[in-house]
Amino acid sequence: MNAFIAIVLASLLSRLGYQMARSPVLPIFAADLGALPELIGVIVAASTITGVFFKLPSGALSDVLGRKRMMVLGAVFFAAPPFLYPLIHDPWSLLTLRFVHGFATAIFSPVASAYVAGLGETGRGARLGWFSSANDVGATAGPLVGGFVLYFTASYSVTYLLVGALGVLTLLVVLLLPEADRPVSETKTLSARTTEFRQGLAEVLRTPPIFVEAVMYLGYGAFLGFLPIYAKNVGLNDAQIAIVLGAQLVLAMVAKPITGRVSDRVGRIPVIIVGLLLCAAALPLIFRSESLTVFLLAAPLLGVGVGAVTPVTNALIADLASARRLGAAMGVFGTIWDIGEAAGPMIAGFLIGGLGYAATFDVLAAVIAVVTVGLMALVRDPRQPRAIANLRDP
């Protein structure tokens, strides 16, 4: 099987199963186990917290141990934990299992991105765009499939066993992947590998674009957290809110492979700047909207912005990082992404109490705009030969 097709299929299957396990099934399951709302929130966030702490070392370790080895380990966590959910009978056990299940994406996601980026420089942006869109398909379909399975079977066990089956399929596909990175020397000492690990992290953290998407996700995470509440306050019903969210997500999904391909031709920085500006413009418009029509005009702008920034920032970081540091780059990237996505709703919640919705999202939009100006001033496009020459390995 073609390596790119195989990794896209593995990522789609893994995301589909993982999101089935998460929403809307997980909070309902936790509530039925007797968890209070505060604990339900922690249970839902548990897997993301795992990612915050382990995506970075997982990505960096893949530079030392090899991409496929780490992806197989991540796929094991997609395949095994779901079969334990039917044995859970109290919320604290569910919380523990969610932390463990979080190792799946914490290990697999940054390494899979590094694997795709490492397939070659030519067409890198387009490949990462298609890869990101495949993840979005899984992330979109997962909650729908999980909700329908739970509705028709009225069984958490059946739902999670299906999640486990998808995890097993993911593991099988990953086992068939060819090795796409340089051979790992079996004679390296632990000290030498530890030194490589530290060097990889240091190099990546000196790469300014690594922080771009975190800032975008402050706004995007806040949007996801508070759009339903704001939209209900101005009179939209649940179905209309779903349509607004769906319109945004579909545009993001469609935009990603297109913007990735455009960035291969015109450069990464121009595409990222346009995406960030679209995000900055869309957020204040969305949180001033008072009718479904206006929401449906404003929300897709955010979708296109996110669809421009996400795959192209992945490609930019891959361009700037040394080939042997791709795992570290994607690990740091994934960690900062999780921090931004988790922090956005918390910061917005604090600001909304004092400023209201419109002013809060004006502030978040202004932060994105400032980062855009900084990106224009400080980062040279690696598509220009001189910009990347000094960052490559000798």
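Calculation criteria
- Residues numbered from 1 in each chain as written.
- Predicted model: local features only at pLDDT ≥ 70, side-chain atom pairs only at ≥ 80, totals over all residues.
- Heavy atoms only, no water.
- Patch = residues over 30% accessible without salt bridge, like charges linked within 9 Å, V, L, I, M, F, W, Y side chains within 5 Å.
- Areas by Shrake-Rupley, 256 points an atom, 1.4 Å probe, with all protein chains shown as cover.
- Salt bridge = Lys/Arg side-chain N within 4 Å of Asp/Glu carboxyl O.
- Helix = DSSP H or I, 4+ residues; strand = E, 2+ residues; numbered from the N terminus.
- Buried < 20%, exposed > 50% of the residue type's maximum accessible area, 1.4 Å probe, protein only.
- Contact = heavy atoms within 4.5 Å.
- Phe/Tyr/Trp six-rings, centres within 6.5 Å; stacked < 30°, edge-to-face > 60°.
- Lys NZ or Arg CZ within 6 Å of the ring centre and 35° of its normal.
- Expected span 1.5 Å × (residues − 1).
- Polar contact = N/O pair within 3.5 Å; in protein donor to acceptor, adjacent residues only side chain to side chain.
- Axes fitted to C-alpha atoms, helices over the stretch in contact; angles between N-to-C directions.
- Parallel < 35°, antiparallel > 145°, perpendicular 65-115°, else oblique.
- Left-handed = near helix turned anticlockwise from the far one by under 90°.
- Nonpolar A, V, L, I, M, F, W, Y, C, P; charged D, E, K, R; others polar.

## Some points on a nonpolar patch on the surface
1) Next: Together, F83, L161, V168, L169, L172 and L175 make up an exposed nonpolar region whose accessible area comes to about 490 Å².
2) Next: Locating L172 in the fold gives a position in helix α8 (residues 156–175).
3) Next: On the basis of relative accessibility, which here comes to 47%, the residue L172 falls in the partly exposed class.

## Here's the deal with the side chain of K256
1) Next: Relative to the elements of secondary structure, K256 occurs in helix α11 (residues 238–266).
2) Next: The class for K256 is buried, based on a relative accessible area of 4%.
3) Next: When near neighbours in sequence (up to four residues on either side) are disregarded, K256 contacts G129, S132, S133, D136, V306, G307, T310 and P311.

## Brief notes about the packing of aromatic side chains
1) Next: Taken as a whole and assessed by the stated rule, the structure comprises 14 aromatic pairs.
2) Next: Their ring planes at 50 degrees and their centres at 5.3 Å tell us that Y230 and F287 sit as a pair that is tilted. One end of the pair, Y230, is in helix α10 (residues 212–233); the other, F287, is in the loop between α12 (268–286) and α13 (292–320), and 57 residues separate them in sequence.
3) Next: Under the relative-accessibility criterion, Y230 is labelled buried at 8%.
4) Next: In this structure F287 comes out as buried when scored by relative accessible area, which is 2%.
5) Next: Feature note: the residues Y230, F287, F295, Y357 and F361 constitute an aromatic cluster, connected by ring pairs.
6) Next: Of note, R98 hangs over the ring of Y18, and the distance from its end group to the ring centre comes to 5.6 Å.

## Digging into α8
1) Next: If you check α8, its first and last C-alpha atoms are 29 Å apart, about what 20 residues at 1.5 Å a residue would give, namely 28 Å.
2) Next: Looking at α8, one finds that the buried residues are Y156, T159, Y160, V163, G164, L166, G167, T170, L171, V173 and V174.
3) Next: Turning to α8, the residues buried within the fold contact α1 (3–22), α2 (25–32), α4 (67–79), α6 (103–117) and α7 (124–153).
4) Next: Looking at where α8 begins, the residue whose side-chain oxygen comes 3.4 Å from the main-chain nitrogen of S157 is S155.

## Quick notes on the environment of V52
1) Next: Residue position: V52 is located in helix α3 (residues 37–65).
2) Next: Overall, V52 belongs to the partly exposed group, its relative accessible area being 22%.
3) Next: Taking C-alpha positions, V52 is 6.5 Å from I339, a pair spaced 287 residues apart along the chain.

## Observations regarding the packing of α1 against α8
1) Next: Closest axis-to-axis distance for the α1/α8 pair is 9 Å, and the angle between their directions is 160 degrees. Accordingly, the angle class assigned to the pair α1 and α8 is roughly antiparallel. α8 is crossed by α1, and the crossing has left-handed handedness. From α1, A6, L9, A10, L13, S14, L16, G17, M20 and A21 reach across to α8, where they touch T159, Y160, L162, V163, L166, L169, T170, V173 and V174.
2) Next: Partitioned by chemical class, the residues of the contact of α1 with α8 number 14 nonpolar, four polar and no charged.

Worth remembering: the numbers are spatial, not functional.
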